[in-house]
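The chain contents come next:
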Amino acid sequence: MKPAEKEWTPKILAFLCNWCSYAGADLAGISRMQYPPNIRVVRVPCSGRVNPYFIIKALQRGWDGVLVSGCHPGDCHYISGNLVARRRFAVLKDLLEYLGIESGRLNFSWVSAAEGEKFATVVKEVVEKVKALGPAERLVKR
Amino acid sequence: MKFNPKILGFLCNWCSYAGADLAGISRIQYPPNLRIIRVMCTGRIDPVLPLEALANGADGVIIMGCHPGDCHYMTGNYEAERKIKMLKKLIAPLGLAERLHVEWVSASEGARFAEVVENFTNQIKVLGPSPLRQEKLDLSKWEGIQAAKEAVEDFRLRALVARERKIIEEGNVYGEEISQEEFDRKMDDALTAEYIRNRIYLILEKEPTSIKQLSKRLNLSSKHVLDHVVLLRRRGLVTVDKIEDMTPIYSVLKR
Amino acid sequence: MDKLGSVMVIGGGVAGVQASLDLADSNFKVYLVDSLPSIGGTMAQLDKTFPTNDCAMCILAPKLVAAGRHQNISLLTNANLKHVEGKAGHFKATLTRRSRRVDEDKCTGCGVCAQKCPVEALDKFNEGLSKGGAVYVRYPQAVPLIYIINKEKCLGCGICEEVCKAGAIRYDQKDEELQLDVGSIILATGFDEFDPSLKTEYGYGRHLNVVSSIEFERLLSASGPHAGLVLRPSDGDIPRKIAFIQCVGSRDATCGTDYCSSVCCMYATKEAVIAKEHMNQIEPTIFLMDVRAYGKDFDKYIERAENEYGVRFVRCRVSSIEEVPETRNLKIKYEPEDGKLIQEEFNLVVLTVGIKPSESNKELAEKLGVELDKFGFFKTQTFTPISTSKPGIFVCGVASSPKDIPETVTQASAASTGVGELLASARGTLVKKKEYPKERDVRGQPPRIGVFICHCGINIGGVIDVPSVVEYAQTLPNVVHACDNLYTCSSDTQEIVKNRIQEYGLNRVIVASCSPRTHEPLFQETIKEAGLNRYLFEMANIRDQCSWVHMHDHKAATEKAKDLMRMAVAKAREIEPLERVALGVTRRGLVIGGGLAGITAALALAKQGFEVDLIEKNKELGGFLRKIHYTLENDDTQEYLRAMIDNVYSNELIKVFLNSKVENVSGYVGNFKTTVTLDSGSEVKRELEHGIIIVATGGEEYHPNEYLYGKDHRVLTQLELENRITVAADEKFGNVVMIQCVGSRNDEHPYCSRMCCGEAVKNSLKVKEKDPEANVYVLFRDIRTYGIMEEDYKRAREAGVIFIRYEEENKPKLAKIKSEGKEDLQVSVFEPIIQEDIIIDADLLVLSAAVIPPQENGTLAKMLKVPLNEDGFFLEAHAKLRPVDFATEGIFVCGMAHSPKPIEESISQAKAAVSRACTLLTKDTIEAEGIIATVNPNRCTACELCMLVCAYNAIEIEETKRGKVAKVNSALCKGCGACAATCRCSAIDLKGFTDMQMNLIINTLR
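Residues numbered from 1 in each chain as written. Chains lettered and ligands numbered in written order. Predicted model: local features only at pLDDT ≥ 70, side-chain atom pairs only at ≥ 80, totals over all residues. Heavy atoms only, no water.

Draft legend 1. Up close: the overall build of chain B. Within chain B, the regular secondary structure consists of 9 helices and 7 strands. Projected onto its principal axes, the C-alpha positions of chain B cover 70 × 60 × 25 Å. Looking at chain B as a whole, 54% of its 255 residues are labelled buried. If you sum the accessible surface of chain B, you get close to 11,800 Å²; carbon and sulfur atoms cover 51% of it. Between the mean site of the 38 positive side-chain charges and the mean site of the 35 negative ones, chain B shows a separation of 5 Å. (Helix = DSSP H or I, 4+ residues; strand = E, 2+ residues; numbered from the N terminus. Buried < 20%, exposed > 50% of the residue type's maximum accessible area, 1.4 Å probe, protein only. Areas by Shrake-Rupley, 256 points an atom, 1.4 Å probe, with all protein chains shown as cover. Lys, Arg positive; Asp, Glu negative; His and termini not counted. Charge placed at Lys NZ, Arg CZ, Asp CG, Glu CD.)

Draft legend 2. Here's a closer look at the packing of helix α15 (residues 596-607) of chain C against helix α16 (residues 637-650) of chain C. All names here are of chain C. The contact between α15 and α16 brings their axes to 10 Å, and the two run at 45°. In this view, α15 runs oblique relative to α16, as classed from their interaxial angle. Between α15 and α16 the crossing geometry is left-handed. Across the interface between the two elements, Leu 596, Ile 599, Thr 600 and Leu 603 from α15 touch Tyr 640, Leu 641, Met 644, Ile 645, Asn 647 and Val 648 from α16. Split into classes, the residues belonging to the contact of α15 with α16 amount to 8 nonpolar, 2 polar and no charged. (Axes fitted to C-alpha atoms, helices over the stretch in contact; angles between N-to-C directions. Parallel < 35°, antiparallel > 145°, perpendicular 65-115°, else oblique. Left-handed = near helix turned anticlockwise from the far one by under 90°. Contact = heavy atoms within 4.5 Å. Nonpolar A, V, L, I, M, F, W, Y, C, P; charged D, E, K, R; others polar.)

Draft legend 3. Expanded view of the pairing of strand β2 (residues 39-44) of chain A. Residue and element names in this part refer to chain A. Along β2, 6 of the 6 residues are buried, which leaves the element largely enclosed by surrounding structure. Neither face of β2 is exposed, since Ile 39, Val 41 and Arg 43 on one face and Arg 40, Val 42 and Val 44 on the opposite face are all buried. In terms of strand pairing, strand β1 (residues 12-17) meets β2 through 6 bridges, oriented parallel. Pairing of Leu 16 across the sheet is with Arg 43, part of β2. Each parallel crossover has a hand, and for β1 linked through helix α1 (residues 21-30) to β2 it is right-handed. (Pairing = 2+ DSSP bridges. Right-handed = clockwise from strand over helix to strand, strands pointing away.)

Draft legend 4. Region of the structure containing the interface of chain C and chain A. Taken together, the contacts link 57 residues of chain C with 53 residues of chain A. Between chain C and chain A, the buried area comes to about 4,700 Å², and carbon and sulfur atoms account for 58% of it. By the criterion of area lost to chain A, the three top residues of chain C are C:Arg517, C:Ile1002 and C:Leu1005, representing 15% of everything that side buries. Counting across the interface, chain C meets chain A through 5 salt bridges. The residue C:Glu520 makes a salt bridge to A:Arg43 at a minimum N-O spacing of 3.0 Å. Inspection of the chain C/chain A interface yields 24 residue pairs in polar contact (both at pLDDT 80 or more). Sorting the residues of the side of chain C that touches chain A by element identifies β4 (54-55), α2 (56-69), α12 (516-529), α13 (543-547), α14 (554-572), α23 (978-982), β52 (988-990) and α24 (995-1002) of chain C as the ones contributing at least two each. In terms of residue count, α14(C) provides more of the side of chain C that touches chain A than any other element does, 6 residues in total. Class assignment for the residues of the side of chain C that touches chain A results in 28 nonpolar, 17 polar and 12 charged. (Buried area = accessible area lost by both parts, 1.4 Å probe. Salt bridge = Lys/Arg side-chain N within 4 Å of Asp/Glu carboxyl O. Polar contact = N/O pair within 3.5 Å; in protein donor to acceptor, adjacent residues only side chain to side chain.)

Draft legend 5. Spotlight on a nonpolar patch on the surface. Nonpolar side chains collect at one region of the surface, where A:Leu95, A:Tyr98 and A:Leu99 lie side by side and expose about 330 Å² of accessible area between them. Counting through the fold element by element, A:Leu95 comes out in helix α3 (residues 81-98). (Patch = residues over 30% accessible without salt bridge, like charges linked within 9 Å, V, L, I, M, F, W, Y side chains within 5 Å.)

Draft legend 6. Quick look at the packing of helix α1 (residues 14-25) of chain C against helix α9 (residues 405-423) of chain C. Residues and elements named next belong to chain C. Running from N to C, α1 and α9 point in directions that differ by 40°, and their axes come no closer than 8 Å. Taken together, the axes of α1 and α9 are oblique relative to one another. α9 is crossed by α1, and the crossing has right-handed handedness. Here Val 14, Ala 15, Gln 18, Ala 19, Asp 22 and Leu 23 of α1 lie close against α9, whose contacting residues are Thr 408, Val 409, Ala 412, Ser 413, Ser 416 and Val 419. Residues belonging to the contact of α1 with α9 are distributed by class as follows: 7 nonpolar, 4 polar and 1 charged.

Draft legend 7. Local environment of the sheet that holds strand β2 (residues 29-33) of chain C. All names here are of chain C. Pairing within the open sheet is parallel, and its 5 strands lie in the order β5-β2-β1-β13-β24. Edge positions in the sheet fall to β5 (73-76) and β24 (393-395), since each has one partner strand and no second. Averaged over all pairs of adjacent strands, the angle between their axes in this sheet comes to 20°, without regard to strand direction. Examined bridge by bridge, strand β1 (residues 6-10) and β2 share 5 bridges and lie parallel to one another. In the strand pairing of β2, Val 7 is matched with Val 30. Against the sheet, α1 touches β1, β2, β5 and β13 (184-187), its axis set at about 165° to β2. Helix-sheet contacts for α9 involve β1, β13 and β24, and the interaxial angle to β13 is about 170°.

Draft legend 8. Spotlight on the sheet that holds strand β28 (residues 537-541) of chain C. Residues and elements named next belong to chain C. As summarised here, the arrangement of the 4 strands in space is β26-β25-β27-β28, forming an open sheet in which the pairing is parallel. Both edges of this open sheet fall to β26 (479-485) and β28, since each of them pairs with a single strand only. Taking each pair of neighbouring strands and ignoring which way they run, the sheet shows an average axis angle of 15°. On top of the sheet, helix α11 (residues 491-504) reaches β25 (449-454), β26 and β27 (508-513); it is set at about 160° to β26, its chief contact. Across the sheet, α14 is in contact with β25, β26, β27 and β28; its angle to β28 comes to roughly 165°.

Draft legend 9. Structural view of the nonpolar core. Membership of the largest hydrophobic core comes to 322 residues, with the highest contact counts inside it found for A:Phe15, C:Phe216 and C:Ile694. Sorting elements by how many residues they give to this core places helix α7 (residues 180-206) of chain B first, with 11 residues. Three or more residues apiece are contributed to this core by two domains, here domain 1 (7-127) and domain 2 (154-252) of chain B. Judged by nonpolar contacts, the second largest core, of 29 residues, contains C:Tyr630, C:Met738, C:Cys752 and C:Cys757. (Core = buried A, V, L, I, M, F, W, Y, C linked by side-chain atoms within 4.5 Å. Domains from an automatic or database assignment.)

Draft legend 10. Representation of the interface of chain A and chain B in the model. Each partner contributes to the interface: chain A provides 5 residues, whereas chain B provides 6 residues. Contact between chain A and chain B buries roughly 350 Å² in total, counting both sides, with carbon and sulfur atoms accounting for 34%. The shortest N-O distance in the salt bridge between B:Arg233 and A:Glu117 comes to 2.8 Å. Inspection of the region where chain A meets chain B yields 1 residue pair in polar contact (both at pLDDT 80 or more).

Draft legend 11. Representation of the state of the cysteines. Taken as a whole and judged by the stated rule, the model has 1 disulfide over all chains. Sulfur-sulfur distance for the disulfide between B:Cys15 and B:Cys66 comes to 2.4 Å. Judged by the sign of its S-S torsion, about 100°, the cystine formed by B:Cys15 and B:Cys66 is right-handed. Taken as a pair, B:Cys15 in the loop between β1 (7-12) and α1 (16-25) and B:Cys66 in the loop between β3 (60-65) and α3 (76-91) lie far apart in primary sequence, 51 residues in all. Exposure remark for B:Cys66: the relative accessible area of 4% places this residue in the buried category. Take C:Cys157: it sits in no disulfide, and the sulfur closest to it among the cysteines is that of C:Cys160, at 6.3 Å. The closest cysteine sulfur to the non-disulfide-bonded C:Cys983 is located on C:Cys985, 4.2 Å from its own sulfur. Judged by its relative accessible area of 17%, C:Cys983 is buried. (Disulfide = S-S within 2.5 Å.)

Draft legend 12. Looking closely at helix α2 (residues 52-61) of chain A. Every buried residue of α2(A) is accounted for by A:Pro52, A:Phe54, A:Ile55, A:Lys57, A:Ala58 and A:Leu59. Looking at the buried positions of α2(A), the neighbouring elements they touch are β1, β3 (65-70), α3 and β4 (106-110) of chain A together with α23 and α24 of chain C. Two residues or fewer after α2(A) comes A:Gly62, characterised by a positive phi angle close to 115°.

Draft legend 13. Focus on the packing of aromatic side chains. Residue and element names in this part refer to chain C. Applying the stated rule across the entire model yields 20 aromatic pairs over all chains. Taking 3.7 Å as the distance between ring centres and 5° as the angle between the ring planes, the aromatic pair formed by Tyr 294 and Tyr 786 counts as stacked. One end of the pair, Tyr 294, is in the loop between β17 (283-288) and α7 (298-307); the other, Tyr 786, is in the loop between β40 (775-780) and α19 (790-798), and 492 residues separate them in sequence. Across the pair, exposure class does not vary: Tyr 294 and Tyr 786 are buried alike. An aromatic cluster is built from Phe 50, Tyr 294, Phe 298 and Tyr 786, whose rings are joined through pairwise contacts. A cation over an aromatic ring shows up here: Arg 797 above the ring of Tyr 793, its NZ or CZ 4.3 Å from the ring centre. In this structure, Lys 880 packs its charged tip against the face of Phe 50, placed 3.9 Å from the ring centre. (Phe/Tyr/Trp six-rings, centres within 6.5 Å; stacked < 30°, edge-to-face > 60°. Lys NZ or Arg CZ within 6 Å of the ring centre and 35° of its normal.)

This is the structure in structure tokens:
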């Protein structure tokens, strides 16, 4: 394929909590589960660390989608950080929709340390979803 | 119409190819069905090549090399012998084993060369046209040979075959003697497993399928098929496509 | 001769790991011995754990990693005990370490060998449900992550040696003998699963679709053979109808297992619930005798299983299982309570296998000279639940009797206290403190970043073009050095890293290799040894999350690796050295509550040399135990209590405050201040200072409103009956009717009081003993005589005690019938088997009254800022793995303050609380986390939002010159960052993961 014809592929930023989802992503690797290479992972101590501002900032900067993944309810290493995160993102999602950002660009999931395959599936789904939406341009500053 | 077999021969440069030349020099007549590929040594014959030939519809494949002990490259013919033995085992369930043959023919054996060709041609005539010929392709056998090709591409099996002679002759890494039978048993296990997995993969590649359907198509117990699918999933080659009623339907992930 | 400050822990399951961590954290040298090649035990095999449905691996893995990395713990895996000599304080143990045929120092755990191994071997960890090679690790997160060759399966082809770039394969490695000098030994050998093929009527091994519950556990697991799909073995279909058959190898004299395995009712229910969660169409049925949900919050779980998930519970013994040849479905014949024989077809049958004493116990007992009980568990006594028959050798977990994970963890900590009491004088003598060079101050210097990129043999290098990533890294800002290594984690590379730090004057280091979750501590240690602050480090995960998951797209994987590199550099440019603040510790304890748990805790602390203040609200010590006179084993509880109280008063380290209550608590871990009010005529206030608090406020007997209690002298509670039995010399009892669950498992107190079934059995046996003529009837809902107590239940039935089950909606009724001028008590109860009311004239009606939490728990919980559960008992930090800790550090709970429980469990918990406390009290200072939240007071508006989301109460509002601002207590903050993400004015930030760093990473998008 010539460079000019190169297919557009989305870039997705993922915030994974250290104790569950990041470990799940590691397990996907250990189990050699293959998934699309469009994702860039930022490790955070807890999904509760993810400031909604980071997500808006990412969309402004031109990331096509964002994934935030934390421990399952009840599994949080910090007792309740994931629940705080969940509440926060429910609000953020509404706000982004109001701004005209397709809801598929912001994804939230629970992936445990034992769910390597699930992590791979989540990534595939998110990549597909964002691919279908096309590049995110709404918030990008020009 | 009279059946006119197409036979492909891999001949080593130093003995068998020279033997074929000698047959010509001596004007010894033999059937015209053989097409010869010259290789420097039979040891060079990648196991995938004879399978490729069969897959392309050759009615027979014959490999000819130096007699044991005569190899120009010391041990190439021994390696070839083991590889062909493995291949024959692998394609036996497809009914193709007799279409693959190995013979030792020296540079001085022009007449013997002609005799070998004649015999093999006759053998193939009796067997009839390959089920892999384009005209009336047997699909399940075609899948089978593709799976066999994939299986011999497997690193682990190739590595194992490569070590066979050393292990049998010099013992394993623990200095223990391993009998040919024991080695063959392990080899067979690994080979069959690899072959079946590749067949499963190829079937799933065409269309998503359930364990029970796979079991019917491969004539294997569902339990067996399930075990292989577990492994293929672990290797990230196969995934659950959907669940119909209570039955998971599997499909492939790109290799 | 002085005692030795070292301990050998045998068994690396959750019990062994917990005991080792507690001991190592309180300055003992620990040798953790496991006969398997990796630690983790049975728990590592579990999918989820009840009642919280926590992912077992998620909560266990951090503990395993901690044990693997602990400076004071040596892991001796694949090892067996050969023999032991010596006595308490001085044991000499000889071990055999079986050869792995892999060099432990060289193996990096990369796994290439297993991938290339041509031999298919059954995978034991997945209970033979999937296949693996002859060189393997038990599970992907194994600790230590060192491969092992299974010689029996190995062909000896030599491929693994060839592909191992680390050169770790050693075919000629020999078994090795090892001598250890230790002061004490802890046995944590766990258990074996009952072999279900011994119960031939269930067809295990004959019928493909009959599986054991441990196999089913693997089937459920996301890391199991079907990656979380529940598929039946015969054809890979999802089984719609699943039958669980309980008590396979439990409560079964024919198998020599007269005891109850204690955990099966709950774990089968959990498996049923999880199966249902996986696939809603699944219809699970559990066939059982009693629902033994005796633990904290267990009944709620059963109720949810039944009502929310639709799990069906059927009370019966299953008589036979037959296979339907065409479908391989299974026909189960069973007889429910009404006696009608029913046949029902299922798609899958799960045999809930019981716990068996570990096969190795016998041999160990012989080598160690300790006694086993008649089943083969290590023998213990009521008042010494963690001591074996030989001084200096302790036991914990299932090694001594069946128990669940929290109890196992509790006992592990308790055993550690046992060791602490024995070896207190030798504490700290055998642990070394590592010396580091002085830290270079790099603040204010421009970043000089060094990048080390790992090939990981071929794991990374085979997919990613590493040289091009090195080249790329060199172009990134502030990178002054970039190079590649074959294995960055190998010990020789650590020297290279240290040298380069000096050579290039590096002040930030990035390693691009595997996961920081496993390797960050190693590299941090390296840079610390080179004089850099450990936080001046960053990792790029280009293996687990790049080369391994994009194996077939080398170009995209290389591009991704470069992106990850750029992200790491962006962050590294902004990272700063972080300090771990050292906080002083007041080496003195406070115990609230002077009952059995409180007394035990106070004495255990004192025995280890710590001063204790013991606060009791009543005028004397003893609490609930004052009302208990004997146990099922016929121990004299009052004599024991008297002796303990004497010990308390004669110990000069313990100060007792009677008639006292806690008025106020301030401070934090290591530095608490508590105000106590003494009510002795006139109120006196006392200020106490201490480093830890143990809450042991106990429980109380419920005062029944039911069954004319308090209105008729013939109606008693169990405790009152017990008193009467003890006091009265030769009484005739006549007809004694006991009603279970009075005030328990109802709307007011939805929980099970755990001890009443045992109490009822105990008292009925005593009544029968004193007056063989007496008739005893026990009216119950479920008989929950878990564990070895099951035997006493059997004993009671044999003694003629009649047990009659009643349903919750059909409680026994009491009537007063007038006859011959007096009023008789008449109890009627509906009997489900004969489907009729039974009427019993009662001379005595004994109510098994609930255990309820003391009222003042609420006030105390508020003062301590720790939570209570819905029932009013204290809520621990984690139901499974932190059963006596609170989320707030430095505060612990034990005894009935936690939940109702019998004597030996209270003792275990008290000792466990002490063990946890000792991990703090034995330190001069406590190091706070480096990654913690920090407040910019100029921006803070004291809106308190951060306080709301902080689960650790680590934030307070402080009055300053500028007004109110939030302040983070660095001793309590765990560094989750929830506050930073909540703050409306960016006043609070998380060190190590700052807003600035996150923004820079986000900005790296190209």
